[in-house]
Amino acid sequence: KTSILALVLTNNISFSSAFWFLVTQAPTYHNNNAKLRDGNLADFQDYVTNGIGTTWTAARGDYWTAANKAIDDYRDVETKTAWNVRQDTPEFVITVRPTDEDLRDHVSVGLHVRLTKTYPRTVPQISLERKVGLSDAQVAGALAMVKREASALAGSEMVYELAILLGEYVTANNSAAQAARPSFHQQMVEREKAGRRADLEREAAIRRRRQLADAAEQEDLQRLIQEELEKKQQQVLSDRQRQKNLSDIADAVHSVAGRWAEGIQLLKFNSTIYLDPLMVRNGRFTTVALEESAVVDPLCSVYDAYPTDLAGASIHLSDRFTVQCFVVTSLHYLTDQGRRQLERVRSRISDLSQIRHQNLVSIYGCHMEVLEERTQNPGIRLWVLSDTLSTHDGSTLEDVLDSCGAIALPQARNYLRQILLSL
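Residues numbered from 1 in each chain as written. Predicted model: local features only at pLDDT ≥ 70, side-chain atom pairs only at ≥ 80, totals over all residues. Heavy atoms only, no water.

A. Region of the structure containing the overall build of the protein. If you tally the helices and strands in the protein, you get ten helices and ten strands. Once local pairs closer than 6 in sequence are excluded, the contacts in the protein between residues at least 24 apart make up 49%. Counting only carbon and sulfur atoms, one obtains 53% of the accessible surface of the protein, whose full area is about 28000 Å². (Helix = DSSP H or I, 4+ residues; strand = E, 2+ residues; numbered from the N terminus. Contact = heavy atoms within 4.5 Å. Areas by Shrake-Rupley, 256 points an atom, 1.4 Å probe, with all protein chains shown as cover.)

Structure follows, in structure tokens:
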């Protein structure tokens, strides 16, 4: 309730509601020459008691005295048109005096108001006249203040509040303490200076923010340039390392050739081998040098393989490949039907060469050649290129089960997870 009451106790609303109450709730007091006569305290006490229906208190008397000090005189102004017809809009002059008792007889100004037909939605015509004890500059300042406040109060009853504000202005500019404090005009000048200082400070703050933003942008640009330089340097180092790796491979090939003394065994694939089938430009070759491997497989011959024409990538000696050579001697596979079966095997290996996963031994390609049928050992050789098997002991999951008898559940889960990931 207190918060709601505070909303309706402002001057704009309370003054308007007071006039509304007089017109609509106590119409016998409105425009009645026998009631609410100018400056008549008894009439006002009667209105408070019988018109409003409340009790008279000393505080209400104080309000009455303050109002009459601010508004000393009220005079209707009767104006007529060129046709000698009275204007239908009210026009009046309120003589406003200071609230300081020492100045009331020496300073005053007339507030001339002419209401519009749409008042209070529109601001009335306002002027000041019959100044006493005020300079032209003070009157001009007072008029500017009153018009400014009137514009701010548009939409509400404002004449009484404008008179109060004008009385305060007259008092502030003519009181006995005027010499000890700045005038109204000086206060306005100081406010304007303060406003200009605030504007300058805001502009300076904006400039500082822009400078900080520019500095941050420059710092980001410098960082990007530095990162680009580091990338270029890293690329140069990478290219140098690649050249070194290629040189190491060439040295390895020469070493193999030296060990074989009478030449090197080369294997050339019919199609290009790609290290990554999804990035065909990064790492490709067609020929490998073969060296017998330490890995033993009863089903085939195993070789360590080194690419001799690698392009687009570098491989360390520890990243060599493995070639398994399967020799098929059954005469069935020399027939058309047998060769078709082997061709399907080669095609299947070619499909597997497109798969890459860390849990799988990657197959890169295969090569199939037919031995001369007129030799003593006719048959077919199938060369399969894959990741190196030198680190693989050749054991299978079946071998682990045979040696252990059983696998613990966590280890079995791990094996199954690795198998599923590769699939």
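B. Structural detail: a nonpolar patch on the surface. Taken together, the side chains of Leu397, Leu401, Tyr415 and Ile419 present a nonpolar region at the surface, about 320 Å² in accessible area. Mapped onto the nonpolar patch, the elements with two or more residues apiece are α9 (397–404) and α10 (409–422). Looking at the element boundaries, Leu401 is found in helix α9. (Patch = residues over 30% accessible without salt bridge, like charges linked within 9 Å, V, L, I, M, F, W, Y side chains within 5 Å. Salt bridge = Lys/Arg side-chain N within 4 Å of Asp/Glu carboxyl O.)

C. Structural view of the sheet that holds strand β6 (residues 284–292). Pairing in this open sheet of six strands is antiparallel, and the strands run β5-β6-β7-β8-β10-β9 from one edge to the other. Here the strands that pair on one side only, and so sit at the sheet edges, are β5 (266–274) and β9 (363–370). Sheet twist, expressed as the average angle between the axes of neighbouring strands with direction ignored, equals 30°. (Pairing = 2+ DSSP bridges. Axes fitted to C-alpha atoms, helices over the stretch in contact; angles between N-to-C directions.)

D. Region of the structure containing the state of the cysteines. Here the structure, examined in full by the defined rule, presents zero disulfides. The thiol of Cys325 is not disulfide-bonded; the next cysteine sulfur, from Cys300, is found 7.9 Å away. On the accessibility criterion, Cys325 (5% relative accessible area) is buried. (Disulfide = S-S within 2.5 Å. Buried < 20%, exposed > 50% of the residue type's maximum accessible area, 1.4 Å probe, protein only.)

E. Looking closely at the pairing of strand β2 (residues 91–96). Counting buried residues along β2, six of its six residues qualify, which places the element largely inside the surrounding structure. Burial along β2 is two-sided: Glu91, Val93 and Thr95 and Phe92, Ile94 and Val96, pointing in opposite directions, are all buried. Here six bridges tie β2 to strand β3 (residues 108–114), and the two strands are oriented antiparallel to one another. In the sheet register, Val93 faces β3, and the bridge partner there is His112.

F. Highlighting the environment of Arg281. In this fold, Arg281 is placed in the loop between β5 and β6. By relative accessible area, which is 68% here, Arg281 ends up exposed. In this structure, the C-alpha to C-alpha distance between Arg281 and Ala311, residues 30 residues apart in sequence, is 8.2 Å. Once residues within four sequence positions are removed from consideration, Arg281 is found in contact with Ala311 and Gly312.

G. Structural view of the side chain of Ser293. In this fold, Ser293 is placed in the loop between β6 and β7 (301–307). At 3.1 Å, the side chain of Ser293 and the backbone nitrogen of Val295 are in polar contact. Beyond its immediate stretch of four places on either side in the chain, Ser293 contacts Val302, Tyr303 and Asp304. (Polar contact = N/O pair within 3.5 Å; in protein donor to acceptor, adjacent residues only side chain to side chain.)

H. Quick look at the pattern of salt bridges. One pass over the full model with this rule turns up seven salt bridges. Between Asp220 and Arg223 there is a salt bridge, with its nearest N and O atoms 3.8 Å apart. Of this pair, Asp220 and Arg223 both sit in helix α7 (residues 184–260), separated by three residues, roughly a single helical turn. Close ionic contact of Glu369 with Arg381 constitutes a salt bridge, the shortest N to O distance being 3.4 Å.

I. How the structure looks around the side chain of Ser362. The residue Ser362 is located in the loop between α8 (336–352) and β9 in this model. The exposure class assigned to Ser362 is buried, which follows from its relative accessible area of 6%. Ignoring anything within four residues of it in the chain, the contact list for Ser362 reads Ile355, Arg356, His357, Leu385, Ser386 and Asp387.

J. Inspection of unusual backbone geometry at higher detail. Going from Tyr119 to Pro120, the amide bond is cis rather than trans, its omega being 10°. Looking at the secondary structure, you find Pro120 in the loop between β3 and β4 (125–132). The phi dihedral of Arg130 is positive, around 50°, even though this residue is not glycine. Along the chain, the position of Arg130 falls in strand β4.

K. Up close: the pairing of strand β8 (residues 321–328). Two elements, β7 and β8, share five bridges in a ladder whose sense is antiparallel. What sits directly across from Val302, in β8, is Gln324. With eight bridges connecting them, β8 and strand β10 (residues 380–387) associate as antiparallel partners. Residue Val328 lies in a different strand from β10, and its bridge partner there is Ile380.

L. Looking closely at α9. In terms of burial, α9 is largely open, as just zero of its eight residues are buried. Note on α9: the residue one or two positions beyond its end, Gly405, has a positive phi of about 85°.

M. Up close: the packing of aromatic side chains. Per the counting criterion, the structure on display carries five aromatic pairs. With a centroid separation of 5.3 Å and an interplanar angle of 65°, the aromatic rings of Tyr29 and Tyr47 are classed as edge-to-face. Note that Tyr29 is positioned in the loop between α2 (11–24) and α3 (41–52) and Tyr47 in helix α3, a separation of 18 residues in sequence. The exposure class assigned to Tyr47 is buried, which follows from its relative accessible area of 9%. Ring geometry for Phe44 and Trp56: centres 5.7 Å apart, planes at 85°, overall edge-to-face. Residue Phe44 is found in helix α3, and its partner Trp56 is found in the loop between α3 and α4 (58–70); the two are separated by twelve residues along the sequence. In this structure Phe44 comes out as partly exposed when scored by relative accessible area, which is 22%. (Phe/Tyr/Trp six-rings, centres within 6.5 Å; stacked < 30°, edge-to-face > 60°.)

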